[in-house]
Amino acid sequence: MTVSYNLDVSSVSFFNFFRVLFRWRGSVWKSIWSELMIWLIFYYMVMVTYRFALDSEKREEVRKYIENLHENLDNCVPLTFMLAFFVTVIVDRWKNIFANIGFIENTALAIATLVRGTEPETVLTRRTIIRYLVLSQVLVFRDISLKVRRRFPNIDSIIKSGFLQEHEAVILEEIDCPYNKYWVPINWASAVLQKEGKITAAPLFNAAWQEVKTFRSNMAILCNFDWVPIPLAYPQVIFVAVRFYFFMCLFTRQHLDMMDKRTIDYYFPILTVFQFIFFMGWMKVAEGLLNPLGEDDDDFECNFLIDKNISTGMAIVDSTYDKFPEMRPDKFAEPAFAPFYPEDVIDSGADHALIGSAQSVTLADPSDQIDMMKVDINSPIVVGKTDSTTSTFRRRLSSAFGRRTRSHSVQHLGPEKLEPDTPFSQSMAPQRPYGPFELSNGFMSSGGFNHISSNGHLPKLEEEESTSVDSDATEVNTISPPSSHAPDPPTVPPPTTVTQPVFVVPRTISEDTLGPTSPTLPFNQTLENDNDGLGRMKF
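Residues numbered from 1 in each chain as written. Predicted model: local features only at pLDDT ≥ 70, side-chain atom pairs only at ≥ 80, totals over all residues. Heavy atoms only, no water.

Across its full length, the protein chain holds 18 helices and 6 strands. Relative to its full complement of 539 residues, the protein chain shows a buried share of 31%. Look at the contacts in the protein chain between residues 6 or more apart in sequence, and 72% of them connect residues 24 or more apart. By element, 59% of the accessible surface of the protein chain is carried by carbon and sulfur atoms, the whole surface being about 36,000 Å². (Helix = DSSP H or I, 4+ residues; strand = E, 2+ residues; numbered from the N terminus. Buried < 20%, exposed > 50% of the residue type's maximum accessible area, 1.4 Å probe, protein only. Contact = heavy atoms within 4.5 Å. Areas by Shrake-Rupley, 256 points an atom, 1.4 Å probe, with all protein chains shown as cover.)

What follows is the structure, given as structure tokens:
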């Protein structure tokens, strides 16, 4: 039977520790006391042998060997890690088994709500469906729980208990199926639910069938947990590791200094005993949770659940079907309604109200007029702050050290995109294909098209270290590049250098974090010697 101690810990107090500690059923003391006694007996046998059966020379040799074992024991057997992971897996498995143990209330309420009628045949239909569902649970539990197996050792015991009738037992035995027949009562229940025709609407029938199917799925999950346990090697490793560790402690935890008699370890290994209680008790918890359908103190009450399901289900679909008290006006409709408490409860103090953590903060009076303004949908207050912290920090850091390095990816070399022949298009969108460019060079071509790689990709270039770029103005050295479409002239005139502050805003590169912008520029003022077609303009 499951040990309940929730009432003892219903309130926090100093004595809760003693209420929980000094229990016997289901306690750690009950699970480890026999093994602890055996361990102490062997410990004192080793102690007597070491102190009285060996001479001083032998004791010194044994002492060196034991000290070496003591230094390496904890590294060889990591008990904390092994037990923690193992218990985590076991507890998760235990929770899933309990969640699918099967309660009949939801299914019985659905059957009582959807299968309507007070005729004897209709009442028998509802009762038969509930009985078949609990019969399926009995057939499953008697194969996975030893407690239920003791209660129902054969089919005759199930018949005498009323879950199965004699003619149904004959049909069950005649079914030619070499495997388990847990599904047969569920199949009978679904046939009864459909054949009687009490549910005419398909959606309502589907709702009732879903509840029946959910109950069957719970039974199938229990069977799966019983058929496929945790791989045997895993619990073997844990159980052997814990017992091997404390077997070695019989030797490594001996008090080897015969001259030091002032410590308690000379007579009793108190720290090792506590460690034995903790680790061995931890392992016993895992052993008890491996199969919660067994006969331990904390295992699930399967027989109780069967009795509860059959009684509750029959009461829902029969004795309490379509019955409810007379409806009368309630006290909650009174305008001056107030909750009622016993006088002694009122004197003990009131509960804290469940309110929001920021509800008590007053930022404005109810009569204050708050000025509200419309915000653009692309504003940072709506879409969130853009992730420009890193780039801004890098720009400021580079400016502080006198350099500003920036790499730009040039688009893949593709077909030339035709733009309308307007001053705006000439100034804002350079025609493709184009070569790699540099901001410090006024977007001048740094080599024409001869440096484009054969695969069509253009390299990333960085601005020269010696160039100091201002955020508002750029000094441009405009050099007329050779044309890639016309033949080279016989004589190349010396390049004309024009150094003046200009503002270049190509459409393909924008410093605006919210998207490209289109500033108003004087399109009729172009830069002199603009021979490469970029259409630079004075600002």
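As a further point, take the packing of helix H2 (residues 28–53) against helix H13 (residues 270–290). For the pair H2 and H13, the least separation of the axes is 9 Å and the interaxial angle reads 130 degrees. In this view, H2 runs oblique relative to H13, as classed from their interaxial angle. Between H2 and H13 lies a crossing whose hand is right-handed. Here Val28, Trp29, Ser31, Ile32, Glu35, Leu36, Trp39 and Leu40 of H2 come into contact with H13, specifically with Thr272, Val273, Phe276, Ile277, Met280, Gly281 and Lys284. Its residues assigned to classes, the contact of H2 with H13 shows 10 nonpolar, 3 polar and 2 charged. (Axes fitted to C-alpha atoms, helices over the stretch in contact; angles between N-to-C directions. Parallel < 35°, antiparallel > 145°, perpendicular 65-115°, else oblique. Left-handed = near helix turned anticlockwise from the far one by under 90°. Nonpolar A, V, L, I, M, F, W, Y, C, P; charged D, E, K, R; others polar.)

So, on to the side chain of Gln137. Mapped onto the fold, Gln137 is located in helix H6 (residues 120–144). Judged by relative accessible area, which is 0%, Gln137 ranks as buried.

Our focus in this paragraph is the packing of aromatic side chains. Summed over the entire model, instances satisfying the criterion amount to 15 aromatic pairs. Between the aromatic rings of Phe85 and Tyr234, the centroid separation amounts to 6.3 Å while the plane-to-plane angle is 45 degrees, which identifies the pairing as tilted. Here Phe85, found in helix H4 (residues 79–99), pairs with Tyr234, found in helix H12 (residues 233–252); they are 149 residues apart in sequence, far enough to count as distant. Between Phe86 and Tyr234, the aromatic rings sit 5.0 Å apart at their centres with planes inclined by 75 degrees, giving edge-to-face as the arrangement. Taken together, the residues Phe86 in helix H4 and Tyr234 in helix H12 connect sequence positions 148 residues apart. By the ring-pair criterion, three or more aromatic residues cluster together here, those being Trp39, Tyr43, Tyr44, Tyr245, Phe246 and Phe276. Positioned over the ring face of Tyr321 is Arg126, at 3.5 Å from the centre of the ring. (Phe/Tyr/Trp six-rings, centres within 6.5 Å; stacked < 30°, edge-to-face > 60°. Lys NZ or Arg CZ within 6 Å of the ring centre and 35° of its normal.)

Moving on, we get to the pattern of salt bridges. One pass over the structure, following the stated rule, counts 16 salt bridges. Note that Asp297 is salt-bridged to Lys30, the shortest N-O span being 2.8 Å. Here Asp297 is found in the loop between H13 and helix H14 (302–319), whereas its partner Lys30 is found in helix H2, with 267 residues between them in sequence. When its relative accessible area of 33% is taken as the criterion, Lys30 is described as partly exposed. For Arg116, the salt bridge goes to Asp322, with nearest N and O atoms at 3.1 Å. Note that Arg116 is positioned in the loop between helix H5 (105–114) and H6 and Asp322 in the loop between H14 and helix H15 (343–347), a separation of 206 residues in sequence. Connected through shared salt-bridge partners, Glu35, Arg243, Lys284 and Glu287 make up one network. (Salt bridge = Lys/Arg side-chain N within 4 Å of Asp/Glu carboxyl O.)

Quick look at H2 now. Under the 1.5 Å per step criterion, the end-to-end length of H2 is 36 Å for 26 residues, consistent within 8% with the ideal 38 Å. Of all the bends in H2, the greatest, near 35 degrees, is centred on Ser34. Among the residues making up H2, those that are buried are Ile32, Leu36, Trp39, Leu40, Tyr43, Val46, Met47, Tyr50 and Arg51. Structurally, H2 contributes buried residues whose contacts are with helix H3 (56–76), H12 and H13. (Expected span 1.5 Å × (residues − 1). Bend = angle between axes of the 7 residues up to and from the residue.)

Time to look at the confidence of the model for the protein chain. On average, residues of the protein chain score 77 in pLDDT, and 71% of them reach the 70 mark or higher. In this model, residues 404–419 is a region of pLDDT below 50 whose contacts with residues beyond four sequence positions or in other chains number 43 contacts. The low-confidence segment residues 424–487 (pLDDT under 50) makes 131 contacts with residues lying over four places distant or belonging to another chain. (pLDDT = per-residue confidence, 0-100.)

So, on to a nonpolar patch on the surface. Taken together, Met373, Val375, Ile377, Ile381, Val382 and Val383 make up a surface patch of nonpolar side chains, about 650 Å² in accessible area. Tracing the chain through its elements places Ile377 in the loop between H15 and helix H16 (380–383). With relative accessibility at 60%, the residue Ile377 sits in the exposed group. (Patch = residues over 30% accessible without salt bridge, like charges linked within 9 Å, V, L, I, M, F, W, Y side chains within 5 Å.)

What follows concerns the environment of Leu289. Summarising the element assignment, Leu289 is placed in helix H13. Taking relative accessible area as the criterion, Leu289 reaches 16% and is therefore assigned buried. In sequence terms Leu289 and Val91 are 198 residues apart; their C-alpha atoms lie 6.9 Å from each other. In contact with Leu289, not counting residues within four places along its chain, are Ile90, Val91 and Trp94.

On to the nonpolar core. Grouped burial of nonpolar side chains is what soluble globular proteins tend to show. If you look at the biggest cluster of nonpolar residues, it comprises 51 residues, and the most contacted ones within it are Leu133, Phe141, Ile158, Phe163 and Ile306. Of all the secondary structure elements, the ones that give two or more residues to this core are H5, H6, helix H9 (166–174), helix H10 (183–195), helix H11 (202–227) and H14. Of all the elements, H6 adds the most residues to this core, at 11 residues. Setting aside residues up to four positions removed in sequence, Phe141 forms contacts with Ile101, Val148, Met219, Leu222, Cys302, Leu305 and Ile306. Counting residues in hydrophobic clusters, the runner-up holds 32 residues, among them Ile230, Tyr245, Met248 and Phe279. (Core = buried A, V, L, I, M, F, W, Y, C linked by side-chain atoms within 4.5 Å.)

Residues Asp55, Glu57, Glu60 and Glu61 make up a contiguous surface patch of negative charge. Glu60 gets classed as partly exposed once you look at its relative accessible area, which sits at 39%. (Lys, Arg positive; Asp, Glu negative; His and termini not counted. Charge placed at Lys NZ, Arg CZ, Asp CG, Glu CD.)

Between its first and last C-alpha, H14 extends 25 Å over 18 residues, near the 26 Å set by a 1.5 Å rise per residue. All of the buried residues along H14 are Cys302, Leu305, Ile306, Asn309, Ile310, Gly313, Met314, Ile316 and Val317. Considered in projection along H14, the buried side chains sweep an arc of 165 degrees and stay on one side of the axis. Relative to its buried face, H14 has exposed residues pointing more than 90 degrees away, namely Phe304 and Ser311. (Arc of directions from axis to C-beta.)

Take the UniProt feature "transmembrane region" (unreviewed entry) in the protein chain next. The residues that UniProt annotates with the feature "transmembrane region" (unreviewed entry) are residues 32–53, 73–91, 232–252 and 264–283. The annotated region residues 73–91 carries 89% helix and 0% strand content, and the separation between its end C-alpha atoms amounts to 28 Å. For residues 232–252, the end-to-end C-alpha separation is 30 Å, with 95% helix and 0% strand making up the annotated structure. (UniProt positions renumbered as here; feature names shortened; annotations may be inferred.)

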